[in-house]
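# Structure assessment
Spelled out, the chains give:
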Amino acid sequence: MVYVLAKWWWRFKSEKSGLWRRIVWAIHQKARTWNDVPVKNAMSGPWRNIYNISQPLLEANIDLKGAITSVVGNGQNTYFWLDTWTELGPFYLLFPDLFKMEVHKDCLVAERWTTSSAGPAFNWAWVVTDLGQVAEDQLQQMLVVLNNRSRSMAPDSWIWQHEANGSFSVASIKRVLGSVGRTRTDKVFEWNSWVPKKIGIVAWRAEMERLPTKCALARRNVAVPDRWCVLCGEYEETCDHLFVSCHYSQSIWQNLASWCRLQPIIAFGMNDLLTLHASSLGPRKRKTIQAIVLVAFWSIWKVRNEVVFRQAVPNFTRTLDEIKSMAYLWIKNRSKAVSLTWEDWSRFNLTSM
Ligand SMILES: [Zn+2]
(Lines give C-alpha, C1' and ligand atoms only; values in the text may rest on other atoms or scores of the structure.)
Protein backbone atom coordinates (compact mmCIF):
# COMPACT_ATOMS: atom_id res chain seq x y z
CA MET A 1 0.00 0.00 0.00
CA VAL A 2 1.02 3.52 -0.69
CA TYR A 3 1.15 4.52 2.98
CA VAL A 4 4.36 2.55 3.59
CA LEU A 5 5.93 5.62 2.02
CA ALA A 6 4.99 7.55 5.15
CA LYS A 7 8.09 6.18 6.83
CA TRP A 8 10.12 8.52 4.62
CA TRP A 9 8.30 11.46 6.16
CA TRP A 10 9.32 10.17 9.54
CA ARG A 11 12.94 9.72 8.44
CA PHE A 12 12.99 13.10 6.75
CA LYS A 13 11.98 14.75 10.00
CA SER A 14 13.95 12.72 12.48
CA GLU A 15 17.21 12.05 10.62
CA LYS A 16 18.48 15.49 9.78
CA SER A 17 22.03 14.48 8.95
CA GLY A 18 21.30 11.83 6.30
CA LEU A 19 22.86 12.43 2.92
CA TRP A 20 19.67 11.49 1.05
CA ARG A 21 17.87 14.11 3.05
CA ARG A 22 20.34 16.81 2.16
CA ILE A 23 19.94 15.92 -1.48
CA VAL A 24 16.14 16.14 -1.28
CA TRP A 25 16.46 19.43 0.53
CA ALA A 26 18.86 20.83 -2.04
CA ILE A 27 16.73 19.77 -4.98
CA HIS A 28 13.27 20.54 -3.69
CA GLN A 29 13.66 23.56 -1.44
CA LYS A 30 12.37 26.61 -3.28
CA ALA A 31 14.23 29.84 -2.78
CA ARG A 32 11.18 31.91 -1.96
CA THR A 33 8.66 29.72 -0.21
CA TRP A 34 9.56 27.69 2.85
CA ASN A 35 8.04 24.46 3.99
CA ASP A 36 9.08 21.95 6.62
CA VAL A 37 8.92 19.19 4.02
CA PRO A 38 9.84 20.72 0.67
CA VAL A 39 8.63 19.63 -2.75
CA LYS A 40 8.87 21.12 -6.19
CA ASN A 41 5.75 20.10 -8.01
CA ALA A 42 7.41 20.61 -11.34
CA MET A 43 9.78 17.80 -10.51
CA SER A 44 8.34 14.33 -10.84
CA GLY A 45 9.99 11.31 -9.30
CA PRO A 46 10.13 9.35 -6.09
CA TRP A 47 10.24 12.26 -3.68
CA ARG A 48 7.12 13.83 -5.11
CA ASN A 49 5.33 10.48 -4.77
CA ILE A 50 6.34 10.36 -1.13
CA TYR A 51 5.22 13.91 -0.58
CA ASN A 52 1.89 13.32 -2.26
CA ILE A 53 0.72 10.64 0.17
CA SER A 54 0.13 13.37 2.74
CA GLN A 55 -3.15 14.44 1.15
CA PRO A 56 -5.04 11.10 1.17
CA LEU A 57 -3.76 10.44 4.68
CA LEU A 58 -4.98 13.84 5.81
CA GLU A 59 -8.42 12.98 4.52
CA ALA A 60 -8.26 9.88 6.71
CA ASN A 61 -7.43 12.07 9.72
CA ILE A 62 -3.68 11.47 9.73
CA ASP A 63 -1.85 14.76 9.47
CA LEU A 64 1.73 13.72 8.76
CA LYS A 65 3.05 17.20 9.35
CA GLY A 66 1.32 17.61 12.68
CA ALA A 67 1.80 14.03 13.84
CA ILE A 68 5.59 14.00 13.66
CA THR A 69 6.82 16.34 16.36
CA SER A 70 10.01 16.90 18.28
CA VAL A 71 10.54 16.92 22.02
CA VAL A 72 13.40 19.35 22.17
CA GLY A 73 16.37 18.45 24.33
CA ASN A 74 19.64 19.95 23.16
CA GLY A 75 17.97 21.38 20.07
CA GLN A 76 20.51 19.90 17.64
CA ASN A 77 18.06 17.85 15.58
CA THR A 78 15.09 20.22 15.32
CA TYR A 79 14.62 23.25 13.11
CA PHE A 80 13.65 26.30 15.11
CA TRP A 81 11.16 27.66 12.57
CA LEU A 82 10.27 24.78 10.30
CA ASP A 83 9.67 21.84 12.63
CA THR A 84 6.80 21.29 15.04
CA TRP A 85 8.09 21.26 18.60
CA THR A 86 5.36 23.05 20.53
CA GLU A 87 1.64 22.30 20.64
CA LEU A 88 1.12 25.36 18.49
CA GLY A 89 2.68 24.01 15.32
CA PRO A 90 5.71 25.31 13.46
CA PHE A 91 6.75 28.88 14.12
CA TYR A 92 7.13 29.75 10.43
CA LEU A 93 3.37 29.39 10.01
CA LEU A 94 2.52 30.89 13.37
CA PHE A 95 4.72 33.97 13.14
CA PRO A 96 5.05 34.54 9.38
CA ASP A 97 6.13 38.19 9.50
CA LEU A 98 8.84 37.45 12.01
CA PHE A 99 10.01 34.45 9.99
CA LYS A 100 10.53 36.80 7.01
CA MET A 101 13.12 38.63 9.11
CA GLU A 102 15.13 35.49 9.90
CA VAL A 103 18.52 35.28 8.17
CA HIS A 104 18.90 31.48 8.31
CA LYS A 105 15.45 30.02 7.74
CA ASP A 106 16.59 26.46 8.46
CA CYS A 107 18.43 27.24 11.68
CA LEU A 108 18.29 24.73 14.53
CA VAL A 109 16.59 25.29 17.88
CA ALA A 110 20.05 25.17 19.50
CA GLU A 111 21.22 28.07 17.36
CA ARG A 112 18.44 30.37 18.53
CA TRP A 113 17.58 29.22 22.02
CA THR A 114 20.26 28.61 24.61
CA THR A 115 20.02 28.24 28.33
CA SER A 116 22.18 29.95 30.89
CA SER A 117 22.11 29.97 34.67
CA ALA A 118 19.94 33.08 34.44
CA GLY A 119 17.28 31.26 32.39
CA PRO A 120 16.58 31.11 28.66
CA ALA A 121 18.70 33.20 26.31
CA PHE A 122 18.09 33.86 22.65
CA ASN A 123 20.44 34.50 19.75
CA TRP A 124 18.42 36.13 17.02
CA ALA A 125 19.67 36.86 13.52
CA TRP A 126 17.39 39.29 11.74
CA VAL A 127 17.86 40.71 8.28
CA VAL A 128 16.98 44.19 9.56
CA THR A 129 17.86 46.15 12.68
CA ASP A 130 14.32 47.39 13.22
CA LEU A 131 11.73 44.60 13.06
CA GLY A 132 8.75 46.92 12.74
CA GLN A 133 5.51 46.70 14.70
CA VAL A 134 3.97 43.53 13.28
CA ALA A 135 7.10 41.38 13.52
CA GLU A 136 7.90 42.85 16.94
CA ASP A 137 4.44 41.83 18.21
CA GLN A 138 4.96 38.34 16.87
CA LEU A 139 8.34 38.19 18.60
CA GLN A 140 6.66 39.06 21.90
CA GLN A 141 4.03 36.35 21.37
CA MET A 142 6.73 33.85 20.53
CA LEU A 143 8.63 34.74 23.69
CA VAL A 144 5.51 34.03 25.73
CA VAL A 145 5.45 30.55 24.21
CA LEU A 146 9.18 30.00 24.74
CA ASN A 147 9.39 31.34 28.25
CA ASN A 148 6.93 28.70 29.38
CA ARG A 149 9.18 25.91 28.19
CA SER A 150 12.28 24.20 29.39
CA ARG A 151 14.75 21.99 27.58
CA SER A 152 17.31 19.42 28.59
CA MET A 153 20.74 18.50 27.32
CA ALA A 154 19.52 15.13 26.01
CA PRO A 155 19.28 14.66 22.24
CA ASP A 156 15.99 15.78 20.68
CA SER A 157 13.54 12.92 20.39
CA TRP A 158 11.00 12.64 17.62
CA ILE A 159 7.48 11.56 18.49
CA TRP A 160 4.79 9.93 16.40
CA GLN A 161 1.58 11.32 17.88
CA HIS A 162 -0.60 8.33 17.09
CA GLU A 163 1.21 5.93 19.43
CA ALA A 164 1.42 6.24 23.19
CA ASN A 165 5.11 5.30 23.13
CA GLY A 166 5.79 7.80 20.34
CA SER A 167 7.46 5.41 17.95
CA PHE A 168 6.56 5.46 14.31
CA SER A 169 5.62 2.37 12.35
CA VAL A 170 3.68 1.59 9.23
CA ALA A 171 1.56 -0.77 11.35
CA SER A 172 0.53 2.21 13.43
CA ILE A 173 -0.76 4.02 10.35
CA LYS A 174 -2.69 0.91 9.35
CA ARG A 175 -4.21 0.80 12.80
CA VAL A 176 -5.30 4.45 12.70
CA LEU A 177 -6.76 4.00 9.24
CA GLY A 178 -8.61 0.91 10.47
CA SER A 179 -10.06 2.60 13.52
CA VAL A 180 -11.26 5.56 11.47
CA GLY A 181 -13.30 3.20 9.33
CA ARG A 182 -14.75 1.38 12.29
CA THR A 183 -16.04 4.31 14.28
CA ARG A 184 -19.16 5.31 12.45
CA THR A 185 -21.53 7.25 14.65
CA ASP A 186 -24.79 8.92 13.84
CA LYS A 187 -23.61 12.14 15.47
CA VAL A 188 -21.87 14.58 13.23
CA PHE A 189 -19.02 16.25 15.00
CA GLU A 190 -18.68 19.92 14.18
CA TRP A 191 -15.04 20.73 13.38
CA ASN A 192 -13.65 24.24 13.57
CA SER A 193 -11.08 25.47 11.06
CA TRP A 194 -9.70 28.07 13.50
CA VAL A 195 -8.04 25.45 15.65
CA PRO A 196 -5.73 22.66 14.43
CA LYS A 197 -7.34 19.29 13.85
CA LYS A 198 -5.30 17.63 16.57
CA ILE A 199 -6.88 20.05 19.08
CA GLY A 200 -10.44 19.33 18.00
CA ILE A 201 -9.69 15.63 18.03
CA VAL A 202 -9.64 15.57 21.85
CA ALA A 203 -13.24 16.74 22.07
CA TRP A 204 -14.20 14.47 19.20
CA ARG A 205 -12.72 11.43 20.95
CA ALA A 206 -14.13 12.50 24.30
CA GLU A 207 -17.64 12.73 22.89
CA MET A 208 -17.34 9.19 21.59
CA GLU A 209 -15.82 8.00 24.89
CA ARG A 210 -12.71 7.10 23.00
CA LEU A 211 -10.09 8.79 25.18
CA PRO A 212 -7.94 6.45 27.28
CA THR A 213 -9.30 7.55 30.64
CA LYS A 214 -8.67 5.25 33.60
CA CYS A 215 -12.18 3.81 33.45
CA ALA A 216 -11.96 3.30 29.69
CA LEU A 217 -8.67 1.45 30.12
CA ALA A 218 -10.04 -0.67 32.94
CA ARG A 219 -13.00 -1.58 30.74
CA ARG A 220 -10.54 -2.85 28.18
CA ASN A 221 -8.80 -4.91 30.85
CA VAL A 222 -5.75 -2.70 30.95
CA ALA A 223 -4.22 -2.68 34.42
CA VAL A 224 -4.57 0.76 36.01
CA PRO A 225 -3.32 1.56 39.51
CA ASP A 226 -6.61 3.19 40.48
CA ARG A 227 -9.59 4.81 38.82
CA TRP A 228 -9.63 8.16 40.57
CA CYS A 229 -9.75 11.45 38.69
CA VAL A 230 -6.37 13.10 39.21
CA LEU A 231 -7.81 16.61 39.09
CA CYS A 232 -10.15 16.22 42.06
CA GLY A 233 -9.36 12.80 43.54
CA GLU A 234 -13.00 12.32 44.44
CA TYR A 235 -14.66 10.54 41.55
CA GLU A 236 -13.84 7.89 39.01
CA GLU A 237 -12.26 9.17 35.84
CA THR A 238 -14.58 8.94 32.85
CA CYS A 239 -14.77 11.42 29.99
CA ASP A 240 -18.05 12.70 31.32
CA HIS A 241 -16.61 13.31 34.75
CA LEU A 242 -13.33 14.78 33.55
CA PHE A 243 -14.79 17.32 31.14
CA VAL A 244 -18.24 18.00 32.56
CA SER A 245 -18.72 17.32 36.24
CA CYS A 246 -15.22 17.52 37.77
CA HIS A 247 -15.01 20.70 39.83
CA TYR A 248 -11.69 21.54 38.16
CA SER A 249 -13.37 21.62 34.75
CA GLN A 250 -16.48 23.24 36.16
CA SER A 251 -14.38 26.17 37.36
CA ILE A 252 -12.77 26.40 33.93
CA TRP A 253 -16.13 26.47 32.17
CA GLN A 254 -17.61 29.07 34.53
CA ASN A 255 -14.58 31.32 34.16
CA LEU A 256 -14.66 30.99 30.38
CA ALA A 257 -18.38 31.78 30.39
CA SER A 258 -17.95 34.99 32.32
CA TRP A 259 -14.96 35.98 30.17
CA CYS A 260 -17.05 35.39 27.01
CA ARG A 261 -20.01 37.12 28.67
CA LEU A 262 -22.21 34.06 28.42
CA GLN A 263 -24.81 32.86 30.89
CA PRO A 264 -23.32 30.56 33.54
CA ILE A 265 -22.83 27.20 31.91
CA ILE A 266 -25.14 24.39 32.94
CA ALA A 267 -23.85 21.21 31.36
CA PHE A 268 -25.06 17.67 31.94
CA GLY A 269 -23.01 16.07 29.25
CA MET A 270 -20.28 16.82 26.78
CA ASN A 271 -22.82 17.62 24.13
CA ASP A 272 -24.05 20.59 26.18
CA LEU A 273 -20.52 22.00 26.02
CA LEU A 274 -19.99 21.19 22.37
CA THR A 275 -23.21 22.97 21.40
CA LEU A 276 -22.67 25.92 23.71
CA HIS A 277 -21.82 28.24 20.83
CA ALA A 278 -25.05 27.54 18.97
CA SER A 279 -27.05 30.10 20.94
CA SER A 280 -24.62 32.98 20.41
CA LEU A 281 -25.44 35.70 17.97
CA GLY A 282 -23.29 36.24 14.89
CA PRO A 283 -21.30 33.66 12.97
CA ARG A 284 -17.88 34.94 14.04
CA LYS A 285 -18.78 34.94 17.71
CA ARG A 286 -20.27 31.47 17.39
CA LYS A 287 -17.17 30.14 15.71
CA THR A 288 -14.92 31.84 18.27
CA ILE A 289 -16.78 30.33 21.20
CA GLN A 290 -16.77 26.91 19.63
CA ALA A 291 -13.01 27.19 19.07
CA ILE A 292 -12.49 28.17 22.72
CA VAL A 293 -14.51 25.16 23.88
CA LEU A 294 -12.39 22.83 21.73
CA VAL A 295 -9.18 24.39 23.07
CA ALA A 296 -10.51 23.95 26.62
CA PHE A 297 -11.17 20.24 26.04
CA TRP A 298 -7.65 19.86 24.71
CA SER A 299 -6.16 21.83 27.58
CA ILE A 300 -8.02 19.88 30.28
CA TRP A 301 -6.89 16.61 28.72
CA LYS A 302 -3.32 17.97 28.54
CA VAL A 303 -3.22 18.96 32.20
CA ARG A 304 -4.70 15.57 33.11
CA ASN A 305 -1.88 13.87 31.19
CA GLU A 306 0.75 16.05 32.78
CA VAL A 307 -0.48 15.00 36.21
CA VAL A 308 -0.75 11.32 35.29
CA PHE A 309 2.51 10.97 33.39
CA ARG A 310 4.74 13.69 34.78
CA GLN A 311 3.45 14.14 38.31
CA ALA A 312 2.63 17.80 37.60
CA VAL A 313 0.44 19.68 40.06
CA PRO A 314 -2.78 20.84 38.40
CA ASN A 315 -2.97 24.60 38.39
CA PHE A 316 -6.38 25.99 37.55
CA THR A 317 -5.18 29.53 36.76
CA ARG A 318 -2.48 28.24 34.47
CA THR A 319 -4.91 26.05 32.56
CA LEU A 320 -7.25 28.99 32.13
CA ASP A 321 -4.43 31.26 30.94
CA GLU A 322 -3.27 28.60 28.55
CA ILE A 323 -6.73 28.23 27.02
CA LYS A 324 -6.99 31.99 26.48
CA SER A 325 -3.54 32.45 25.01
CA MET A 326 -3.56 29.33 22.82
CA ALA A 327 -7.02 30.18 21.53
CA TYR A 328 -5.80 33.70 20.80
CA LEU A 329 -2.81 32.57 18.77
CA TRP A 330 -4.73 30.02 16.77
CA ILE A 331 -7.81 32.12 16.12
CA LYS A 332 -5.82 35.23 15.26
CA ASN A 333 -3.65 33.37 12.77
CA ARG A 334 -6.16 30.98 11.32
CA SER A 335 -9.10 33.35 11.03
CA LYS A 336 -6.77 36.02 9.62
CA ALA A 337 -7.95 38.47 12.27
CA VAL A 338 -4.74 40.47 11.99
CA SER A 339 -5.96 43.45 13.98
CA LEU A 340 -7.20 41.43 16.94
CA THR A 341 -4.95 42.58 19.79
CA TRP A 342 -4.26 40.67 22.97
CA GLU A 343 -5.87 43.52 24.95
CA ASP A 344 -9.12 43.21 23.03
CA TRP A 345 -9.00 39.45 23.33
CA SER A 346 -8.47 39.61 27.09
CA ARG A 347 -11.66 41.66 27.33
CA PHE A 348 -13.35 39.42 24.77
CA ASN A 349 -13.87 42.41 22.54
CA LEU A 350 -14.25 40.90 19.06
CA THR A 351 -15.21 44.05 17.16
CA SER A 352 -11.92 44.11 15.27
CA MET A 353 -12.36 40.57 13.98
ZN1 LIG B 1 -12.44 15.12 38.96
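Reading the values: the criteria
- Residues numbered from 1 in each chain as written.
- Predicted model: local features only at pLDDT ≥ 70, side-chain atom pairs only at ≥ 80, totals over all residues.
- Helix = DSSP H or I, 4+ residues; strand = E, 2+ residues; numbered from the N terminus.
- Rg over C-alpha atoms; globule rule 2.2 N^0.38 Å.
- Buried ≥ 20, exposed ≤ 12 C-beta atoms within 10 Å, placed from the backbone.
- Contact = placed C-beta atoms within 7 Å.
- Core = buried A, V, L, I, M, F, W, Y, C linked by C-beta atoms within 7 Å.
- Domains from an automatic or database assignment.
- Axes fitted to C-alpha atoms, helices over the stretch in contact; angles between N-to-C directions.
- Parallel < 35°, antiparallel > 145°, perpendicular 65-115°, else oblique.
- Left-handed = near helix turned anticlockwise from the far one by under 90°.
- Nonpolar A, V, L, I, M, F, W, Y, C, P; charged D, E, K, R; others polar.
- pLDDT = per-residue confidence, 0-100.
- Expected span 1.5 Å × (residues − 1).

### A word on the overall build of the chain
What the chain contains, in helices and strands, is 18 helices and 4 strands. For a compact globule of 353 residues, the expected C-alpha radius of gyration is about 20 Å, and the chain comes in at 21 Å, within 12% of that figure. Taken along its principal axes, the extent of the C-alpha atoms in the chain is 55 × 50 × 45 Å. Among the 353 residues that make up the chain, the fraction classed as buried is 32%. Across the chain, contacts joining residues at least 24 apart in sequence account for 61% of those joining residues at least 6 apart.

### Considerations on the nonpolar core
Considering soluble globular proteins, one finds that nonpolar side chains tend to be buried as a cluster. Grouped together as the largest cluster of nonpolar side chains are 62 residues, with contacts concentrated most on Val295 and Phe297. Within the residue set of this core, elements represented by two or more residues are helix H6 (91-94), helix H7 (96-100), helix H11 (197-207), helix H13 (239-245), helix H14 (247-259), helix H15 (270-274), helix H16 (283-310) and helix H17 (316-334). When residues in this core are grouped by element, the largest group, 12 residues, is from H16. Each of domain 2 (74-155) and domain 3 (186-346) accounts for three or more of the residues forming this core. Apart from the residues within four sequence positions on either side, Val295 is in contact with Val195, Ile199, Ile323, Met326 and Ala327.

### Some details on the packing of H16 against H17
In the contact formed by H16 and H17, the axes pass within 9 Å of each other and the chain directions differ by 130°. As summarised for this structure, H16 and H17 are arranged oblique, according to the angle between their axes. As for how H16 packs across H17, the hand of that crossing is right-handed. Contact with H16, carried on its side by Thr288, Ala291, Ile292, Val295, Ala296, Ser299, Ile300 and Val303, involves Thr319, Glu322, Ile323, Met326, Ala327 and Ile331 of H17 and no other residues of that element. Here the residues of the contact of H16 with H17 sort into 10 nonpolar, 3 polar and 1 charged.

### Here we look at the confidence of the model for the chain
Across the chain, the average pLDDT comes to 87, with 97% of residues at or above 70. The weakest mean pLDDT in the chain belongs to helix H10 (residues 170-182) at 72; the strongest belongs to helix H8 (residues 109-112) at 95.

### Observations regarding H16
At 3.6 residues per turn, the α-helix brings residues three or four places apart onto the same side. Here H16 contains 28 residues, and its C-alpha end-to-end distance of 39 Å stays within 8% of the 40 Å for a straight helix at 1.5 Å per residue. Residue Gln311 follows H16 closely and has a positive phi angle near 55°.

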